[in-house]
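Working through the structure, step by step
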Amino acid sequence: MSPEEQFQAIVDAEDKIEPSDWMPEGYRQTLIRQIAQHAHSEVIGMQPESNWITRAPTLYRKAILIAKVQDEAGHGLYLYSAAETLGVGRDEMQELLHQGKHKYSSIFNYPTLSWADMGTIGWLVDGAAITNQVMLTRCSYGPYARAMVRICKEESFHQRQGYELLIRLCQGSASQKAMAQDSINRWWWPALMMFGPHDGDSTHTEQSMKWKIKRVTNDDLRQQFVDMTVRQADYLGLEVPDPDLRWNEERGHYDFGDIDWEEFWRVVKGNGPMNRERVAHKVKAWDDGAWVREAAMAHAAKEEARSAA
Ligand code: FAQ
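Nothing here was measured: the structure is a model prediction, and the numbers come from that model. (Residues numbered from 1 in each chain as written. Predicted model: local features only at pLDDT ≥ 70, side-chain atom pairs only at ≥ 80, totals over all residues. Heavy atoms only, no water.)

1. Let's talk about the overall build of the protein chain
Looking only at helices and strands, the protein chain features 13 helices and two strands. Relative to the globule expectation of 19 Å for 309 residues, the C-alpha radius of gyration of the protein chain, 21 Å, shows essentially globular dimensions. Its C-alpha atoms put the protein chain at 70 × 50 × 30 Å along the principal axes. Considering only contacts in the protein chain between residues 6 or more positions apart, those separated by 24 or more positions represent 77%. As displayed, the protein chain offers around 15,500 Å² of accessible surface, 55% of which is attributable to carbon and sulfur atoms. Taking the average place of the 35 positive charges on the side chains of the protein chain and the average place of its 45 negative ones, the gap between the two points comes to 5 Å. (Helix = DSSP H or I, 4+ residues; strand = E, 2+ residues; numbered from the N terminus. Rg over C-alpha atoms; globule rule 2.2 N^0.38 Å. Contact = heavy atoms within 4.5 Å. Areas by Shrake-Rupley, 256 points an atom, 1.4 Å probe, with all protein chains shown as cover. Lys, Arg positive; Asp, Glu negative; His and termini not counted. Charge placed at Lys NZ, Arg CZ, Asp CG, Glu CD.)

What follows is the structure, encoded as structure tokens:
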């Protein structure tokens, strides 16, 4: 058997590929791209919510929001570590993100305009993230799959806190319910875009499915998300902003309207409502934190010298 055939046999047998195993260069590069993109999304994804920490309406909600934003930082760190096992450096990944050569999820380029957005992000954005990430716990690459198990547990907690926040708003005054409706109006379509282009337009799906990096296609995941979420919107008494949404008895799924793909590509290519601000803020945080990284390195070097003495 050639190394390629041996590799594919391991994947087909549902065994894991580990960092020291032989792997095709394309597999390595696909994983670096996807895991780095995922890590960057977690880190940039802290910005829309951290924007509301100082304005949380109660101490209870503030504590929850701080914990959630901190969790996202932690997810970024597990994922950067998983990417590093493939031979890419953390500083290199930061550099590529700052230069606009690495992507992050389109969803984080939209502004958070009201307190209800904290609920909607938990419900829809974390909800879409889990729908996508449950399949990644079965990814063929061991370090990524294992990181995803832990991340999914935390994401499902995030999803529930967001939904609970919206339940409270929807049981509140008319203006609180209107705030929740306005929020779902703005986040519904961007949340559906998180799953990526239609399968027919997806560059990587076919190969990634063969390598068992992805286990379910973009369109199938999006459908799963719609089927789950519409019922949750009904329970809240909120309208999903899609006039074409209806239950299809024959398919056993909801039919839904067309996504604005022009908007999707505009945001992915760096021209969404908040792209420039998000990257500028990230670069500033990286530069401002340089002294912390230098101090940590100096401390580690001192410790090493002390234990060698
Ligand atoms: N945004 O061929 P495909 C979270 C790009 S974490 C931007 O279908 P693939 C937690 C794609 O990269 C959210 N770009 O690509 C949280 C490719 O371009 P490239 C992040 C997108 O990789 C919650 C091109 O389009 N989750 O939310 C997007 O097979 C709250 C063609 O696409 C992950 O990253 C997009 N939405 O499938 C944090 C999960 N979609 O790279 C804070 C892991 C596609 O060739 C607060 N990633 N593109 O230049 C994945 O599962 C996959 O990468 C997909 C895309 C499904 C996202």
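2. Considerations on the nonpolar core
In terms of nonpolar packing, the biggest core is built from 75 residues, with Tyr27, Leu31, Ile35, Tyr141, Tyr144 and Trp188 touching the most fellow members. What Tyr141 contacts, discounting residues up to four positions off in sequence, is Ile17, Glu18, Pro19, Met23, Tyr27, Leu31, Ile35, Ala82, Thr85 and Leu86. (Core = buried A, V, L, I, M, F, W, Y, C linked by side-chain atoms within 4.5 Å. Buried < 20%, exposed > 50% of the residue type's maximum accessible area, 1.4 Å probe, protein only.)

3. Here's the deal with the site of the ligand
Close contacts around the ligand come from 36 residues, with Lys103, Ser202, His204, Lys214 and Asn218 the closest. Take Lys103: an N or O atom from its side chain is 2.5 Å from an oxygen atom of the ligand. Of all elements in the fold, only helix H2 (25-44), helix H4 (59-84), helix H6 (116-136), helix H7 (142-170) and helix H11 (261-271) reach the threshold of two or more residues within the shell around the ligand. Here the residues of the shell around the ligand are counted per class, giving 13 nonpolar, 14 polar and nine charged. (Near = heavy atom within 4 Å. Polar contact = N/O pair within 3.5 Å; in protein donor to acceptor, adjacent residues only side chain to side chain. Nonpolar A, V, L, I, M, F, W, Y, C, P; charged D, E, K, R; others polar.)

4. Focus on the environment of Trp247
Turning to its location among the elements, Trp247 is positioned in strand E1 (residues 246-248). By relative accessible area, which is 36% here, Trp247 ends up partly exposed.

5. Remarks on the packing of aromatic side chains
Scanning the entire structure with this criterion turns up 12 aromatic pairs. Consider the rings of Tyr27 and Tyr141, whose centres lie 6.5 Å apart with planes at 80°: the pair is edge-to-face. A residue pair is termed long-range when its members are at least 10 positions apart, and Tyr27 in helix H2 and Tyr141 in the loop between H6 and H7 qualify at 114 residues. Seen from their ring centres, Tyr27 and Trp211 are 5.7 Å apart, and the 90° between their planes marks the pair as edge-to-face. Of this pair, Tyr27 sits in helix H2 while Trp211 is found in the loop between helix H9 (205-210) and helix H10 (218-236), placing the two residues 184 residues apart along the sequence. Under the relative-accessibility criterion, Tyr27 is labelled buried at 0%. Looking at Trp211, the relative accessible area reads 11%, which means it is buried. The rings of Phe7, Trp22, Tyr27, Tyr141 and Trp211 are connected pair by pair, giving a single aromatic cluster. (Phe/Tyr/Trp six-rings, centres within 6.5 Å; stacked < 30°, edge-to-face > 60°.)

6. Things to note about the side chain of Arg278
Relative to the assigned elements, Arg278 resides in helix H12 (residues 275-288). No salt bridge is formed by the buried Arg278; the nearest opposite charge belongs to Glu277, separated by 7.1 Å. Dropping the residues within four chain positions of it, Arg278 is found in contact with Ile44, Gln47, Pro48, Tyr104, Phe108, Asn109, Tyr110 and Pro111. (Salt bridge = Lys/Arg side-chain N within 4 Å of Asp/Glu carboxyl O.)

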